[in-house]
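What the coordinates show
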Amino acid sequence: MPLAFGPLAATPTLQVIAVGPNPESVTRGFGGDLFATLMGETRKDGDGNGRIVRIRGDAVSDFSAGYDDPKGIVFTGDHLITADFTRVWKIDSTGKKELLAGPSDFPHPPSYLNDVALAPDGRSVLVTDMGAVTKMRDPGGQLWPVDSAEAAAIPVIARVYRITLDGKVSIAVENQRTMLLPNGVTSLSNDTLLLAEFFTGNILEYRAGGFRIVATGHRSVDGIARDSRGTLYVSEVFTGRVWAIPADGPKRLLATLTSAADFLLDEPASLLVVPDTKAGALAFLTLHRP
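Residues numbered from 1 in each chain as written. Predicted model: local features only at pLDDT ≥ 70, side-chain atom pairs only at ≥ 80, totals over all residues. Heavy atoms only, no water.

A short note on the overall build of the chain
So the rule is basically this: Strands are runs of DSSP state E lasting at least 2 residues, helices are runs of H or I lasting at least 4, and numbering of each runs from the N terminus. It is over C-alpha atoms that the radius of gyration is taken, and the globule rule equals 2.2 Å times the number of residues to the power 0.38. Exposure classes here rest on a 1.4 Å probe applied to the protein chains alone. A residue is buried below 20% of its type maximum, exposed above 50%, and partly exposed in between. Working rule for contacts: check all heavy atoms of both residues, and any pair within 4.5 Å makes them a contact. The Shrake-Rupley method, run with a 1.4 Å probe, gives the accessible areas here. Residue values count only the displayed protein chains as cover. By the counting scheme adopted, Arg and Lys are positive, Glu and Asp are negative, and His together with the chain ends is not counted. Note on charges: their place is set at NZ of Lys, CZ of Arg, CG of Asp or CD of Glu.
Of regular secondary structure, the chain possesses 1 helix and 24 strands. Its C-alpha atoms give the chain a radius of gyration of 18 Å, near enough to 19 Å, the size a compact globule of 290 residues would have. If one aligns the C-alpha atoms of the chain with their principal axes, the spans along those axes are about 50 × 45 × 40 Å. Within the span of the chain, comprising 290 residues, buried residues form 54% of the whole. Considering only contacts in the chain between residues 6 or more positions apart, those separated by 24 or more positions represent 47%. Entry remark: accessible area of the chain is about 12,100 Å², with carbon and sulfur atoms responsible for 51%. Averaged over its 28 positive side-chain charges, the chain has a centre that lies 2 Å from the centre of its 33 negative ones.

Laid out in structure tokens, this is it:
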């Protein structure tokens with residue numbers, strides 16, 4: 001039985017491993033090793049300098065290359081799956097990639113595919129399309145105020161897709177303003193999802209076609225996860241903050257990194273592995289129990 005977290009006690013122990021330019025997401029994969037996506041130096045469509053690296057202990061090695069901007073990554077047991085702008089790739093144990101779904105496979109043209117989560121059935125993945133990411137910032141690069149005219153004008157085109165492991169794409173969550181620019185996604189059960197709404201900073205629980213806000217105040221939220229005790233973990237890209245939000249208590253700041261992206265919650269090991277994008281590193285937060 002996995003070891004459940006107790007109440008968090010001391011400040012988490014923090015260790016850092018450099019992995020390369022712009023890490024975005026991390027998962028456990030083949031052989032129990034860690035695999036992280038690196039979006040690369042330029043992050044442009046067609047640049048091909050994104051890659052996936054393998055981390056074994058403190059040794060980092062290239063595993064799969066030739067991506068443009070790989071972001072969310074998940075392990076199915078047989079393959080790694082990652083989202084890359086408008087494509088989703090399936091990668092085998094040798095690092096060979098195969099297109100799982102391309103632009104023409106989606107019912108709507110994908111805009112900015114981001115996070116990937118394994119569905120409970122083990123036979124499909126959930127992928128967020130953030131939607132109109134070019135419309136969310138002011139000329140200085142900051143998010144528009146939530147109540148601004150510019151925010152109201154952002155097109156509502158984001159969706160969550162379900163993709164079977166043989167490449168069939170369907171809509172899991174249809175576009176609606178509550179989910180204006182979704183980033184992180186995690187599946188709690190066959191009918192319940194958690195979604196990180198990047199623009200408003202709301203954490204959303206989606207069930208039976210409706211949303212419930214379970215946390216607020218986390219603009220630029222990226223990674224989300226919930227442990228077996230109901231504690232919610234949240235990372236913020238712009239601030240670098242990593243939070244724990246217990247089901248029955250106040251939220252707690254666990255760490256402040258340079259830029260906290262899509263993390264791995266390893267509950268049996270009491271560990272968060274958080275890509276620090278701007279620092280080019282993975283941060284390992286050991287969550288102490290009393």
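Some thoughts on the packing of aromatic side chains
Our working rule: Put simply, two rings from Phe, Tyr or Trp (the six-membered ring, in Trp's case) pair if the centres are within 6.5 Å, and we call them stacked under 30 degrees between planes, edge-to-face over 60, tilted for the rest. Counting as a charge over the ring demands two things of the Lys NZ or Arg CZ atom: a distance within 6 Å of the ring centre and an angle within 35 degrees of the ring normal.
In this structure the tally under the stated criterion is 9 aromatic pairs. On the numbers, 6.1 Å between centres and 85° between planes, the contact of Y67 with W89 is edge-to-face. A residue pair is termed long-range when its members are at least 10 positions apart, and Y67 in strand 5 (residues 59-67) and W89 in strand 8 (residues 87-91) qualify at 22 residues. Classification of Y67 as buried rests on a relative accessible area of 0%. When its relative accessible area of 16% is taken as the criterion, W89 is described as buried. Taking 4.9 Å as the distance between ring centres and 80° as the angle between the ring planes, the aromatic pair formed by F106 and Y161 counts as edge-to-face. Of this pair, F106 sits in the loop between strand 9 (97-101) and strand 10 (113-118) while Y161 sits in strand 12 (residues 159-164), placing them 55 residues apart in sequence. Residues F106 and Y161 agree in their burial class; the two are buried. Within the aromatic cluster, the residues linked to one another by ring pairs are F30, F35, F63 and F75. A cation sits over an aromatic face here: K251 above W243, 4.6 Å from the ring centre.

Some remarks on the environment of F106
The class for F106 is buried, based on a relative accessible area of 7%. Sequence spacing of F106 and L257 is 151 residues, and the spatial spacing of their C-alpha atoms is 35 Å. With residues up to four places along the chain from it excluded, the contact list for F106 reads T86, V88, A101, L113, Y161, I163 and V169.

As for the side chain of T128
Basically, it comes down to this: Here a polar contact is taken to be a pair of N or O atoms separated by no more than 3.5 Å, where protein atoms must pair a possible hydrogen donor with a possible acceptor and residues adjacent in sequence count only if both atoms sit in side chains.
Mapped onto the secondary structure, T128 falls in strand 11 (residues 124-129). A polar contact of 2.9 Å, which involves the side chain of T128, links it to the backbone nitrogen of D115. Residue contacts for T128: discarding those within four places in its chain leaves Y112, L113, N114, D115, R159, V160, P182, N183, V185 and L195.

Description of the environment of L126
Positionally, L126 belongs in strand 11. Taking the C-alpha atoms as reference points, L126 and I171, 45 residues apart in sequence, are found 9.4 Å from one another. Filtering out sequence-adjacent residues up to four positions away, L126 remains in contact with D115, V116, A117, V160, Y161, R162, A172, V185, S187 and L193.

Looking at the sheet that holds strand 11
Filter applied, for reference: Should DSSP find at least two bridges between two strands, the strands are taken to pair. Interaxial angle, 0 to 180 degrees, is taken between N-to-C directions of lines fitted to C-alpha atoms, where a helix line uses only the stretch in contact.
With antiparallel pairing, 4 strands are arranged side by side in an open sheet as 10-11-12-13. Taken across any chain shown, the strands that pair with only one partner, and hence form the sheet edges, are strand 10 and strand 13 (169-173). The mean inter-strand angle of the sheet, taken between neighbouring strand axes irrespective of direction, is 30°.

Overview of the sheet that holds strand 24 (residues 281-286)
Strand pairing in a sheet takes place through backbone hydrogen bonds and is either antiparallel or parallel in direction. Taken in spatial order, the 4 strands make up an open sheet running 1-24-23-22, and their pairing is antiparallel. At either margin of the open sheet sits one strand with a lone partner, and together these are strand 1 (13-18) and strand 22 (264-266). On average, adjacent strands in this sheet sit at an angle of 20° to one another, irrespective of strand direction. As paired strands, strand 22 and strand 23 (residues 271-276) are joined by 3 bridges and run antiparallel to one another. Looking at the pairing, D266 lines up with L271 of strand 23.

Considering the confidence of the model for the chain
In plain terms, the rule: A score between 0 and 100, pLDDT records how confident the predictor is in each residue.
Averaged over all residues, the pLDDT of the chain is 93; the fraction at 70 or higher stands at 95%. Between residues 1-10, whose pLDDT stays under 50, and residues either more than four places distant or in other chains, the model counts 36 contacts.

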